[in-house]
Amino acid sequence: MTTQNAIGQVAGLYRYPVKSMAGETLTQATLTSAGLLGDRAYALIDVETGKVVSAKSTKLFPGVLLCQASFVAPPSVGNPLPAVRISLPDGVQVCSDDEDCDAELSNHFGREVRLASSAPKDFTIDHYY
């Protein structure tokens, strides 16, 4: 493609490993039929309600948007997801493969959560209408 045929330009490339958390800047990424590999691969599940935590859940989970997630290694097609590292606003870091990951995240949010790489069968997400 020549620049005469260009219809746009990529100004930045970002991946968000955990839904509704800040993500990571990339220099390259794998695009699959399902989208950017590893994007929103993990999510927090509110144990009490069974709902996926989202940016629309800020009343119950203030500061979720201030948490930052990044993979400890790049994900690759056909392999299990690598662990994800979550940096909390107070500077604490927790990895998805840490034994106390869910406890640390629950302590931070003051509400019991579970970090999941697959959604429960009957999951729901809060929506604005």
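Residues numbered from 1 in each chain as written. Predicted model: local features only at pLDDT ≥ 70, side-chain atom pairs only at ≥ 80, totals over all residues. Heavy atoms only, no water.

### A closer look at helix α1 (residues 101–109)
Right, so step 1: Taken residue by residue, α1 has Cys 101, Leu 105, Ser 106 and Phe 109 as its buried positions. Down the axis of α1, the smallest arc covering the buried residues is 125 degrees, so these residues share one side. Of the residues in α1, the exposed ones pointing more than 90 degrees away from the buried face are Ala 103 and Asn 107.
Right, so step 2: Those residues of α1 that are buried lie in contact with β5 (43–46), β7 (84–87), β8 (93–95) and β9 (113–116).
Right, so step 3: Within two residues after α1, Gly 110 carries a phi angle of roughly 70 degrees, on the positive side. (Buried < 20%, exposed > 50% of the residue type's maximum accessible area, 1.4 Å probe, protein only. Helix = DSSP H or I, 4+ residues; strand = E, 2+ residues; numbered from the N terminus. Arc of directions from axis to C-beta. Contact = heavy atoms within 4.5 Å.)

### Let's talk about the sheet that holds β8
Right, so step 1: If you trace the three strands from one edge of the open sheet to the other, you get β6-β7-β8, paired in antiparallel fashion. Two strands lie at the open edges of the sheet, namely β6 (68–71) and β8, each paired on one side alone. Adjacent strand axes in the sheet meet at a mean angle of 20 degrees when their direction is disregarded.
Right, so step 2: When β7 meets β8, the two strands line up antiparallel, connected through three bridges. Looking at the pairing, Ile 86 lines up with Val 94 of β8. (Pairing = 2+ DSSP bridges. Axes fitted to C-alpha atoms, helices over the stretch in contact; angles between N-to-C directions.)

### A few points about the pairing of β7
Right, so step 1: Going residue by residue along β7, you find Val 84 and Ile 86 tucked away on one face and Arg 85 and Ser 87 left uncovered on the opposite face.
Right, so step 2: As paired strands, β6 and β7 are joined by four bridges and run antiparallel to one another. Note on β7: the bridge partner recorded for Ala 69 is Ile 86.
Right, so step 3: The antiparallel pairing of β7 with β8 creates a hairpin that spans five residues between the two strands, and Gly 91 there sits at a positive phi of about 95 degrees.

### Things to note about the side chain of Ser 20
Right, so step 1: One can find Ser 20 in the loop between β1 (14–15) and β2 (24–25).
Right, so step 2: A polar side-chain atom of Ser 20 sits 2.8 Å from the main-chain amide nitrogen of Ala 55.
Right, so step 3: Setting aside residues no more than four positions away along its own chain, Ser 20 makes contact with Val 53, Ser 54, Ala 55, Val 64 and Leu 65. (Polar contact = N/O pair within 3.5 Å; in protein donor to acceptor, adjacent residues only side chain to side chain.)

### Observations concerning the environment of Met 21
Right, so step 1: Inspection of the secondary structure puts Met 21 in the loop between β1 and β2.
Right, so step 2: Through-space distance from the C-alpha of Met 21 to that of Leu 88 is 9.8 Å; in sequence the pair is 67 residues apart.
Right, so step 3: In this view, Met 21 contacts Tyr 16, Leu 44, Val 64, Cys 67, Ala 69 and Ile 86; residues no more than four positions away in its chain are not counted.

### Some words on a negative patch on the surface
Right, so step 1: Side chains of Asp 97, Asp 98, Glu 99 and Asp 100 sit close together on the surface and give a patch of like negative charge.
Right, so step 2: With a relative accessible area of 31%, Asp 98 lands in the partly exposed category. (Patch = residues over 30% accessible without salt bridge, like charges linked within 9 Å, V, L, I, M, F, W, Y side chains within 5 Å. Areas by Shrake-Rupley, 256 points an atom, 1.4 Å probe, with all protein chains shown as cover. Salt bridge = Lys/Arg side-chain N within 4 Å of Asp/Glu carboxyl O. Lys, Arg positive; Asp, Glu negative; His and termini not counted. Charge placed at Lys NZ, Arg CZ, Asp CG, Glu CD.)

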